[in-house]
Amino acid sequence: MTYRFVDRLSGNACEVQAGGTLLGRFILEPSGDEAIFLNSVAISESAYCVPDLRGQWQLLQPGQERIEGTISRTQVLDRLDTSSILDVGTSIEGVISSGGTWLDALGVSPLVPGMSERAELQDFEKFLAEHLGHLIEVCKRPRTHLRVEVERTAVSRARRVATQASSYLAAHTEDWDRPTLRAVIPKRILSLVREDQYDIYENRVAARLVDHVDAYLSRRVTEVSRLLRLFSAAGDHRSTAGQGSHWRQRRVYQLWGSSIDAGDARRKAERTLEQLKYLKYSISGLMDSLLYREVPRRAFVGTTLTMTNILANDAHYRRVADIWLAWARLGLEQSPKPEKHFEEMQALCRCFGSFALLLVIRGLEQLGIEPVDLSQSLAGQEIELTGKGARVRLSWSASDGVLRLAVDDGKPLRIVPIPASVAMLPDDGIASLMRDADVAGSLDEITLVLYPSPSTEVAFQRMEPAHAHRLHALSHEIAEQGQTKAGFLPVSPWDLTSVERIARQLRWVISAPAFLAYPPTFANPLVAEFAANAPWLKVSGPEVVVVRAPGSHEALSVAQVLEAEKSRLVALEAEHADVSQQLRMAVRDGRASGPLNGRKKGLNAEITDLQSRIGFLTSLEADLAAGVAVVQSLLACPTCASVADPRRDFKGGPGHRFSCECPDCSTQWGAEACPNCTAWIPTLLPAVTSWTVNEAEVGWLDRFLGADSLAVPYKLERGGLGYVCPSCGHGRASAGSGFTFRQGATA
């Protein structure tokens, strides 16, 4: 075997998964010189397992048995989603390949490119609206060819007798009515019957044009309808974009405002949609016309038009030909070749990974995390970042599209973008994917699976509620004791909340370890000398706990004492050198050296003790600085970045417990113990205006709090709020069970 079949969920090689496969989950990595064919295309580097035009995939190696599998068509994204992901992903790939920086990547919008232009009538649609009357006229009053046939008909129906009627009648007495002396009175006779022939080339062109234009307008109505929903969500304060945390609302508006004016775009989309629907209804009505009914449904017309006399000279048919040529220039009905289809599917998988990278970059920037060196190129596929008191390393792989985020003293995050329409899988397929993702995970890292958002919420409504909620949940939100769970999030250029969802996961990975690092603890035997005037320290023997950040007047004099002791050490070492010199001279001159020896020994002991003390003081200064940095980082508001007062707004407690409230925006954050497993829960809750959570709503946390959350809040029976434990899942059954927050709500 000269290849590796890699499962991207685990990152490990596995057996080839014949049968049903998830689009983009597996990668084929050639490792030898022998040719390997995937879907009849020779590959020499890593390639995603994707379907061919029939919804199947085949793996063939010379001398080996063919391996086949299927990828259901429901997993394949529609044209709108595919094109938007390709557009955004290609932009990011262009930034990386050209040596662009972090700031260059931030210049790429994660939303659908060209939204304003897409919301307007396109040139073809304007041309169609101008000449639609000609197509209607052709369908209602088509041209025909006259076809004359000889038929045996009743005499009463005969209008014109065929030339062979006499000889035929003489030979067929059954068609006689009665004979007479002079002639025969016929009952039936051969007559000429004229019929209009509608199935001519020009009418086939018109009929198939109705089909093509109807399909085109259906896609455009769907596209503009999705744009209108997007515009409405961004511009209407009563929509989900205007509810919950006003910080989330502001970020969404900033993201949107950098792309387009929502109000103007919404009105434009409404006008365009109305015109498109009129065109669609007009074209659909032609399917009941005389021409459309008479032309066989299977009558095929090639894209290249043959200009006949009728198409060139008839006033109406000439415009029909013009509409056909305008439609053909769009290139929508070109049947893709297998090689081109394979390349497009590979590009989709790569671009979805690039889109995920853009979302991570946007999410980190939203949290205040930026590169140590802003001029560093992204071409290296790894970058060091800092901010909010944390150091982060982001890396990504061009071969498999997996992203990794490593944080000091925290679990690394592994993001796996899967470009399959997961929401369209059957319930058993979704359950199987979740099981595989959970099994592939590790207790030492956090796994997040990204998949394209469906075009409508109906996709989530049709599936089991547990599956719908799981497909919007992070790993810590569905945790179970001693088990690993993978998180799932839907993202798309058509989804306003994609960046918010990613930022929510990034905040957990970065902020949760910082919250649980409280309180900083260390040991130093000299701390008792300074702790008497330090209420922000808790001392028990040599153990020191930094319970809060010191005020400006509460700083300890460790640095001054350390400098004084260093100065005293310099003096003692100088005295020691002088005594040593005197001792050498006394020995040389034969004088008594006892007192000098005694003084030298005393100086040696004094210097040793002082050096030890200086070492402890140096360690104390460093430990205090590190501890103070930890608690000071907890004073920065996670939403507005204001700094809380360490004495008035910050409260420490036993264990890792602490709470803090922002003096400016009233956001609350801290850590509390789980009542079930005693694990510690990092919490964050911004002040919000009154709103009610509906337990049936899927993804309510994204819509109301977004990235301004850590553990999931829920209502306690005795009142107040609790939080879902990220270790055992305690409280998850109550989370989202129809509770109301009000301004300044507290846990």
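Starting from 1, residues in each chain are numbered consecutively following that chain's sequence as written. Two thresholds apply to this predicted model, a pLDDT of at least 70 for residue-level local features and 80 or more for giving and counting side-chain atom pairs, whereas whole-chain, interface and lining totals are computed over all residues. Based on all heavy atoms of the structure, the side-chain values leave hydrogens and waters out of the count.

Colleague: Describe the overall build of the protein, listing the residues and the values that go with them.
Modeller: Broken down by element type, the protein carries 20 helices and 31 strands. Against the compact-globule benchmark of 27 Å for 747 residues, the protein has a radius of gyration of 39 Å, which places it well outside the compact range. Its C-alpha atoms give the protein principal-axis dimensions of about 180 × 65 × 45 Å. Residue burial is assigned from relative accessible area. The probe radius is 1.4 Å, only protein chains are included, and a residue is buried under 20% of its type maximum, exposed over 50%, and partly exposed in between. Burial status across the protein gives 49% buried among its 747 residues. In the protein, the share of contacts with a sequence separation of at least 24, taken over all contacts with a separation of at least 6, comes to 67%. The helix count covers DSSP runs of H or I at least four residues long, the strand count covers runs of E at least two residues long, and both are numbered beginning at the N terminus. C-alpha atoms define the radius of gyration in this analysis, and the globule rule sets the expected value at 2.2 Å times the number of residues to the power 0.38. Note on contacts: a residue pair qualifies if any of its non-hydrogen atoms lie within 4.5 Å across the two residues.

Colleague: Run through the nonpolar core, naming residues and quoting values.
Modeller: By size, the foremost hydrophobic cluster in this structure holds 189 residues, and its most contacted members are Leu135, Leu364, Leu394, Leu450, Leu471, Phe488 and Leu537. Among the elements that line this core, the one with the most residues is helix H6 (residues 201-235), at 16 residues. Filtering out sequence-adjacent residues up to four positions away, Leu450 remains in contact with Phe352, Ala356, Ile415, Val416, Pro417, Ile418, Leu489, Val491 and Ile502. The term nonpolar core refers to a set of buried residues drawn from Ala, Val, Leu, Ile, Met, Phe, Trp, Tyr and Cys, joined through side-chain atoms within 4.5 Å.

Colleague: An account of the packing of helix H12 (residues 338-366) against helix H16 (residues 498-516) is requested, with residue identities and associated values reported.
Modeller: Axis geometry follows a simple rule: fit a line to the C-alpha atoms, using only the stretch in contact for helices, then measure angles between N-to-C directions, giving values from 0 to 180 degrees. Across the interface, H12 lies against H16 with an axial gap of 8 Å and an inter-helix angle of 65°. Note that H12 runs across H16; the crossing there is right-handed. Every residue of H16 that contacts H12 at Leu359, Val360, Arg362, Gly363, Leu364 and Gln366 is listed here: Ser498, Val499, Glu500, Ile502, Ala503, Leu506 and Ile510. Polar here means any residue outside two lists: the nonpolar Ala, Val, Leu, Ile, Met, Phe, Trp, Tyr, Cys and Pro, and the charged Asp, Glu, Lys and Arg; Gly therefore counts as polar. Partitioning the contact of H12 with H16 into residue classes produces 8 nonpolar, 3 polar and 2 charged. Handedness of a helix crossing follows the sense of rotation of the near helix relative to the far helix, less than a right angle counterclockwise being left-handed and clockwise being right-handed.

Colleague: Please provide a residue-by-residue account of the side chain of Glu29, values included.
Modeller: Among the structural elements, Glu29 can be located in strand S4 (residues 26-30). Engagement of the side chain of Glu29 in a polar contact is seen with the side chain of Arg4, the distance being 2.5 Å. In this structure Glu29 touches Thr2, Tyr3, Arg4, Val6 and Ser46, once residues within four positions along its chain are discounted. N or O atoms closer than or at 3.5 Å make up a polar contact, with two conditions inside protein: a donor-capable atom paired with an acceptor-capable one, and, for residues adjacent in sequence, both atoms drawn from side chains.

Colleague: Describe the pattern of salt bridges, listing the residues and the values that go with them.
Modeller: Only one rule defines a salt bridge in this text: a Lys or Arg side-chain nitrogen within 4 Å of an Asp or Glu carboxyl oxygen. Here the structure, examined in full by the defined rule, presents 41 salt bridges. Across the pair Glu223 and Arg118 runs a salt bridge whose closest N-O atoms are separated by 2.8 Å. You can see Glu223 sitting in helix H6 and its partner Arg118 sitting in helix H3 (residues 115-118), a full 105 residues away along the chain. Note on Glu223: relative accessible area 8%, which makes it buried. Overlapping salt bridges, with partners in common, bring together Asp87, Arg118, Glu125, Arg220 and Glu223 in one network.

Colleague: Any chance you could break down the packing of aromatic side chains for me, citing the residues and the numbers?
Modeller: Classification of ring pairs rests on two measures: the distance between centres of Phe, Tyr or Trp rings, Trp counted by its six-membered ring, which must be within 6.5 Å, and the angle between planes, read as stacked under 30 degrees, edge-to-face over 60 and tilted in between. Per the counting criterion, the structure on display carries 9 aromatic pairs. Relative to Phe26, the ring of Phe5 has its centre 5.2 Å away and its plane inclined at 20°; by these criteria the two rings are stacked. Linking Phe5 in strand S1 (residues 3-7) with Phe26 in strand S4, this pair joins segments that are 21 residues apart in sequence. Taking the relative accessible area as the measure of exposure, Phe5 reaches 4% and is therefore buried. Seen in terms of ring centroids, Phe650 and Phe658 are 5.5 Å apart; in terms of plane orientation they differ by 15°. Their pairing is stacked. For Phe650, a relative accessible area of 5% puts it in the buried group.

Colleague: Go over the confidence of the model for the protein, please, and point to the residues and values.
Modeller: A residue-level look at the protein finds 94% of positions with pLDDT of 70 or above and a mean pLDDT of 86. Strand S31 (residues 740-741) is the least confidently modelled element of the protein, averaging 46 in pLDDT, while strand S18 (residues 413-417) averages 96, the highest of any element. For every residue, the predictor states its confidence as a pLDDT score lying anywhere from 0 to 100. Low pLDDT, under 50, characterises residues 237-242; the predicted model gives this stretch 15 contacts beyond four residues in sequence or across chains. Low confidence marks residues 737-747, where pLDDT is under 50. Its contacts with residues over four positions away, or in another chain, come to 39 contacts.

Colleague: Outline the packing of helix H1 (residues 79-97) against H12, listing residues and values.
Modeller: The geometry of H1 relative to H12 is characterised by a closest axis approach of 7 Å and an angle of 70° between their N-to-C directions. In terms of orientation, H1 lies roughly perpendicular with respect to H12. Of the two elements, H1 crosses H12, and the hand of that crossing is left-handed. Counting all contacts with H1, which are made through Thr82, Ile85, Leu86, Val88, Gly89, Thr90, Ile92, Glu93 and Ile96, the residues of H12 involved are Ala347, Leu348, Arg350, Cys351, Phe352, Ser354, Phe355, Leu357 and Leu358. Of the residues in the contact of H1 with H12, the class split is 12 nonpolar, 4 polar and 2 charged. Angles are sorted into four bins: roughly parallel if under 35 degrees, roughly antiparallel if over 145, roughly perpendicular if 65 to 115, and oblique for all others.

Colleague: Pulling in residues and values, what's your account of the sheet that holds S4?
Modeller: Taken in spatial order, the 4 strands of this open sheet run S2-S1-S4-S7, and their pairing is antiparallel. Every interior strand has two partners, whereas the edge strands, strand S2 (12-13) and strand S7 (47-48), have only one. By this definition, two strands are paired if DSSP reports at least two bridges between them. Bridge analysis of S1 against S2 gives 2 bridges, and the strand direction is antiparallel. Within S2, the position partnered with Val6 by the bridge is Ala13.

Colleague: Please give an account of the sheet that holds strand S3 (residues 19-20) that cites residues and values.
Modeller: Reading across from one edge, S3-S9-S8-S5-S6 is the order of the 5 strands in this open sheet, with mixed pairing throughout. Of all strands in the sheet, those with a lone pairing partner are S3 and strand S6 (41-43), marking the two edges.

Colleague: Can you lay out the environment of Ser727 for me, pointing to particular residues and giving the numbers?
Modeller: Secondary-structure assignment places Ser727 in the loop between strand S30 (721-723) and S31. Distance from Ser727 to Ile681, taken between C-alpha atoms, is 8.5 Å for residues 46 residues apart in sequence. Beyond its immediate stretch of four places on either side in the chain, Ser727 contacts Ala479, Glu480, Gln481, Cys677 and Ala679.

Colleague: Which residues make up H1, and what values go with them?
Modeller: To estimate how far a helix should extend, the number of its residues minus one is multiplied by 1.5 Å. With 19 residues, H1 extends 26 Å from end C-alpha to end C-alpha; this agrees with the ideal 27 Å at 1.5 Å per step. Taken together, the buried positions of H1 are occupied by Leu80, Asp81, Thr82, Ser84, Ile85, Val88, Gly89, Ile92, Val95 and Ile96. Of the residues that open H1, the one with a side-chain oxygen 3.2 Å from the backbone nitrogen of Leu80 is Asp78. Looking one or two residues past H1, Gly99 carries a phi angle of roughly 80°, positive in sign.

Colleague: So, the pairing of S1: which residues are in play, and what are the values?
Modeller: Within S1, 4 of the 5 residues are buried, which leaves it mostly tucked inside the rest of the structure. Joining the antiparallel neighbours S1 and S2 is a turn of 4 residues, in which Gly11 adopts a positive phi near 80°.

Colleague: So what about unusual backbone geometry? Which residues, and what values?
Modeller: Cis geometry is found at the peptide bond from Tyr518 to Pro519, where omega equals -5°. With respect to the helices and strands, Pro519 occurs in the loop between H16 and strand S21 (521-523). Not every positive phi belongs to a glycine, and Lys388 is a case in point at roughly 55°. Of note, Lys388 is situated in the loop between strand S15 (382-387) and strand S16 (390-396). A relative accessible area of 48% places Lys388 in the partly exposed class. Phi is positive for Asp409, close to 65°, though the residue is something other than glycine. Within the element layout of this structure, Asp409 appears in the loop between strand S17 (403-407) and S18. With a relative accessible area of 78%, Asp409 lands in the exposed category.

Colleague: How would you summarise the environment of Cys14 if you had to cite specific residues and measurements?
Modeller: Tracing the backbone shows Cys14 in the loop between S2 and S3. When the C-alpha atoms of Cys14 and Phe26 are compared, they prove to be 9.3 Å apart, with 12 residues separating the residues in sequence. With sequence-adjacent residues up to four places away left out, Cys14 is seen in contact with Phe5, Val6, Asp7 and Phe26.

Colleague: For the state of the cysteines, give the residues involved together with the corresponding values.
Modeller: Here, the term disulfide refers to a pair of cysteine sulfur atoms separated by no more than 2.5 Å. Counted under the stated rule, the structure contains 0 disulfides. No disulfide involves Cys662; its sulfur sits 3.4 Å from the nearest other cysteine sulfur, which is in Cys640. There is no disulfide at Cys665, and the cysteine sulfur nearest it, in Cys637, is 3.5 Å away.

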